[in-house]
Amino acid sequence: MSQIEIELDLPLSSGFRLALSSQMPGQGFTGIFGPSGSGKTTLLRFIAGLQPCHSAILKVAGQYWQQGKQCLAVHKRPVGYVFQEASLFPHLSAQGNLDYAIKRAWPGKAPQVSDMIELLGIGHLLKQFPHQLSGGERQRIAIARALLINPSVLLMDEPLAALDEARKQDILPYLQALAGEIAIPVLYVTHSVSELSKLADEVVMLHKGRVKAQGTISEVGDALGFSDPQHPFSILPAQVSQTHPHWKLVSVQCHKARLWLADSALKPGTPVRLQVQARDVSLSLSAHQDSSILNIVPAVVDNMLNQEDGMLVRLHSDAGPLWAKISLRSAEHLQLHQGQRLHAQIKSMALTR
Ligand SMILES: Nc1ncnc2c1ncn2[C@@H]1O[C@H](COP(=O)(O)OP(=O)(O)OP(=O)(O)O)[C@@H](O)[C@H]1O
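These remarks concern the structure in this document. (Residues numbered from 1 in each chain as written. Predicted model: local features only at pLDDT ≥ 70, side-chain atom pairs only at ≥ 80, totals over all residues. Heavy atoms only, no water.)

What about the overall build of the protein?
Moving on, step 1. Along its length, the protein carries eight helices and 20 strands.
Moving on, step 2. Taken over C-alpha atoms, the radius of gyration comes to 23 Å for the protein, in line with the 20 Å a tight globule of 353 residues would show.
Moving on, step 3. Along the first, second and third principal axes, the C-alpha atoms of the protein reach 65 × 50 × 35 Å.
Moving on, step 4. Residue burial in the protein is summarised as follows: out of 353 residues, 49% are buried.
Moving on, step 5. When contacts within the protein are restricted to residue pairs at least 6 apart in sequence, those whose partners lie at least 24 apart make up 65%.
Moving on, step 6. Accessible surface computed for the protein: about 17100 Å², of which carbon and sulfur atoms make up 50%.
Moving on, step 7. Side chains of the protein carry 32 positive and 28 negative charges; the gap between the two charge centres is 4 Å. (Helix = DSSP H or I, 4+ residues; strand = E, 2+ residues; numbered from the N terminus. Rg over C-alpha atoms; globule rule 2.2 N^0.38 Å. Buried < 20%, exposed > 50% of the residue type's maximum accessible area, 1.4 Å probe, protein only. Contact = heavy atoms within 4.5 Å. Areas by Shrake-Rupley, 256 points an atom, 1.4 Å probe, with all protein chains shown as cover. Lys, Arg positive; Asp, Glu negative; His and termini not counted. Charge placed at Lys NZ, Arg CZ, Asp CG, Glu CD.)

Observations regarding the environment of S134
Moving on, step 1. Summarising the element assignment, S134 is placed in the loop between α3 (113–119) and α4 (135–148).
Moving on, step 2. On the basis of relative accessibility, which here comes to 27%, the residue S134 falls in the partly exposed class.
Moving on, step 3. Residues S134 and L163, spaced 29 residues apart in sequence, show a C-alpha to C-alpha distance of 9.4 Å.

A word on the side chain of S251
Moving on, step 1. Position of S251 relative to the elements: it lies in strand β13 (residues 249–254).
Moving on, step 2. A distance of 3.3 Å separates polar atoms of two side chains, one belonging to S251 and the other to H244.
Moving on, step 3. Not counting residues up to four positions away in its chain, the partners in contact with S251 are Q239, V240, S241, Q242, H244, R258, L259 and W260. (Polar contact = N/O pair within 3.5 Å; in protein donor to acceptor, adjacent residues only side chain to side chain.)

Quick look at the site of the ligand
Moving on, step 1. Every one of the 14 residues lining the ligand counts as a neighbour, but S14, S36, K40, T42 and H191 are closest to it.
Moving on, step 2. Between an oxygen atom of the ligand and a main-chain N or O atom of G37, the distance comes to 2.8 Å.
Moving on, step 3. Contacts to the ligand include H191, whose side-chain N or O atom sits 2.8 Å from an oxygen atom.
Moving on, step 4. Against a free-state accessible area of 640 Å², the protein chains account for coverage of 63% of the ligand.
Moving on, step 5. In terms of residue class, the shell around the ligand is made up of three nonpolar, nine polar and two charged. (Near = heavy atom within 4 Å. Nonpolar A, V, L, I, M, F, W, Y, C, P; charged D, E, K, R; others polar.)

This is a description of form; function is not addressed.
Put into structure tokens, the structure is as follows:
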């Protein structure tokens, strides 16, 4: 499995400059995350050959697509591209759109059409024309089409951004299945931390055209959770240990802590990445047994940040690093200080995945 290697310094006429040196995994989803204008689309366009760069290194699947000034032409790059809006041919049925890709597939071991149809759940849609499909269905056909071209890399630029929340939730399980199966690298641009934590093995965080952080979700979790300092959150990798259908809860092992999560669909052994907003974590000096809060985790105060609207507290907890946001009054009342031992409280309903 060879990595994607990129070294580029790309100044654009607008004054923006994308300058980075990065190696990305040769398989699975790599999330490209960053604020608007940080260079995510420009990076994908460079890889596809649509954004020329005078001198750069780009190596994909063991082959140089650019080495200095030598550059592989756009039409010679085995790339699959999925955009925000599914760009299907309107005059062709879903099957016709897939056939178009199958006829033009790059040489090598192309994915089985039947596997793609099953993985993306599109068997019943094949006779329909694009205008007869929902946005999410169109996007699933577009993803299958992009993969049937047998690309060496799949580029996905905010593929769910144009869908409403319900359609996003419909399509995510298909993408999760794909992430578990796919043998090529997928570079997945998104603004959504929830999509990242569900899909990405690796995350590249861009900021003003530079790599701000890169690593697994656990490694960049801190930077990710603090990407908007006004609304920080924590990401807690965990594994489902037991289901409790009568309570519609599952218990998960999260670092040294056992947490309760409001979800009845998960099976024991399933890895999950939990998200909790700092404002949903409260602090207590003792572990109350007479409260409705199910998750009470021993923690130590690591750091405190005085913000305009409250105190942001960084904790080392039994569940992992955790942010809590409390009022200045509560901080004063608890006489909060670095090194203080206390308990973090998280409602099961506030834990999402
Ligand atoms: N062809 C171009 N010529 C000049 N400047 C460009 C060009 N394309 C993009 N830019 C500029 O480069 C910067 C990065 O744009 P890019 O589209 O890569 O950002 P992004 O991170 O994908 O943003 P968003 O999340 O809003 O889609 C922006 O400031 C944009 O104005």
